[in-house]
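Descriptive analysis of the structure
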Amino acid sequence: MKEASTLIVYEKPTCTTCRKMVKLLKEKGVDFDRLNYFIEPLSREKLVALLDKMGLGPREILRTREPRYKELGLKDPSLSDKVLLDALVRYPELVQRPIIEKGERAVLGRPLEAVLELL
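Here we summarise the structure given alongside this text. (Residues numbered from 1 in each chain as written. Predicted model: local features only at pLDDT ≥ 70, side-chain atom pairs only at ≥ 80, totals over all residues. Heavy atoms only, no water.)

Quick notes on helix α2 (residues 44–54)
Every buried residue of α2 is listed here: Leu47, Leu50, Leu51 and Met54. Seen from one end, α2 has its buried residues packed into an arc of 100°, which puts them on one side. Across from the buried face of α2, at angles greater than 90 degrees, the exposed residues are Glu45 and Asp52. Looking at the packing, one finds that the buried side of α2 touches β1 (7–11), α4 (81–90), β3 (99–102) and β4 (105–108). Of the residues one or two after α2, Gly55 is the one with positive phi, at around 70°. (Buried < 20%, exposed > 50% of the residue type's maximum accessible area, 1.4 Å probe, protein only. Helix = DSSP H or I, 4+ residues; strand = E, 2+ residues; numbered from the N terminus. Arc of directions from axis to C-beta. Contact = heavy atoms within 4.5 Å.)

A look at the packing of α2 against α4
It is the contact of α2 with α4, at a shortest axis distance of 10 Å, that shows an interaxial angle of 115°. The crossing of α2 and α4 is right-handed. Side by side, α2 and α4 meet where Arg44, Leu47, Val48 and Leu51 of the first sit next to Lys82, Leu85, Asp86, Leu88 and Val89 of the second. (Axes fitted to C-alpha atoms, helices over the stretch in contact; angles between N-to-C directions. Left-handed = near helix turned anticlockwise from the far one by under 90°.)

Concerning the sheet that holds β1
Within a sheet, neighbouring strands are paired by backbone hydrogen bonds and run either parallel or antiparallel to one another. Read from one edge to the other, the open sheet built from 4 strands follows the order β2-β1-β3-β4, with strand pairing classed as mixed. Across the chains shown, the open sheet's two edge strands, defined by having one partner strand only, are β2 (32–36) and β4. Here the average twist between neighbouring strands, direction ignored, is 20°. Bridging between β3 and β4 involves 4 bridges; their strand directions are antiparallel. Pairing of Lys102 across the sheet is with Arg105, part of β4. The strands that helix α1 (residues 16–27) touches are β1, β2 and β3; relative to β1, the one it contacts most, it runs at about 160°. (Pairing = 2+ DSSP bridges.)

Observations concerning α1
For α1, which comprises 12 residues, the first-to-last C-alpha distance of 16 Å matches the rise-based estimate of 16 Å (1.5 Å per residue) to within 8%. Of all the positions in α1, only Thr17, Cys18, Met21, Val22, Leu24 and Leu25 are classed as buried. Projected down its long axis, α1 shows its buried positions confined to an angular sector of 160°, all on one face. Away from its buried face by more than 90 degrees, α1 exposes Lys23, Lys26 and Glu27. Close packing links the buried residues of α1 with β1, β2 and β3. Directly beyond the C-terminal end of α1, a positive phi value near 70° is found at Gly29. (Expected span 1.5 Å × (residues − 1).)

Printed below as a string of structure tokens:
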């Protein structure tokens, strides 16, 4: 199990923003772990915990430019958080990235400098 103070970057390694985040952390000399959530998918429980730590709802981390967002009709404001969470867990490409977690706090790495709040 990870130490509570370990910085964890939930990412897709081919994502430009994720690569920039990794570069920023390395430049700052920060030790961190990386988790490719396309290979090790986020469980519903983990996603809910990360959202709680970020103070965000599921709609706030949806990637609205993903084709699947439109396919699934996720723009519909009447959709419940449960439905949105189901989609985020089933289709990891819908999750904004990177998400950075340290202990009881987490941030969405957009803008990249948001990670500095955790250092």
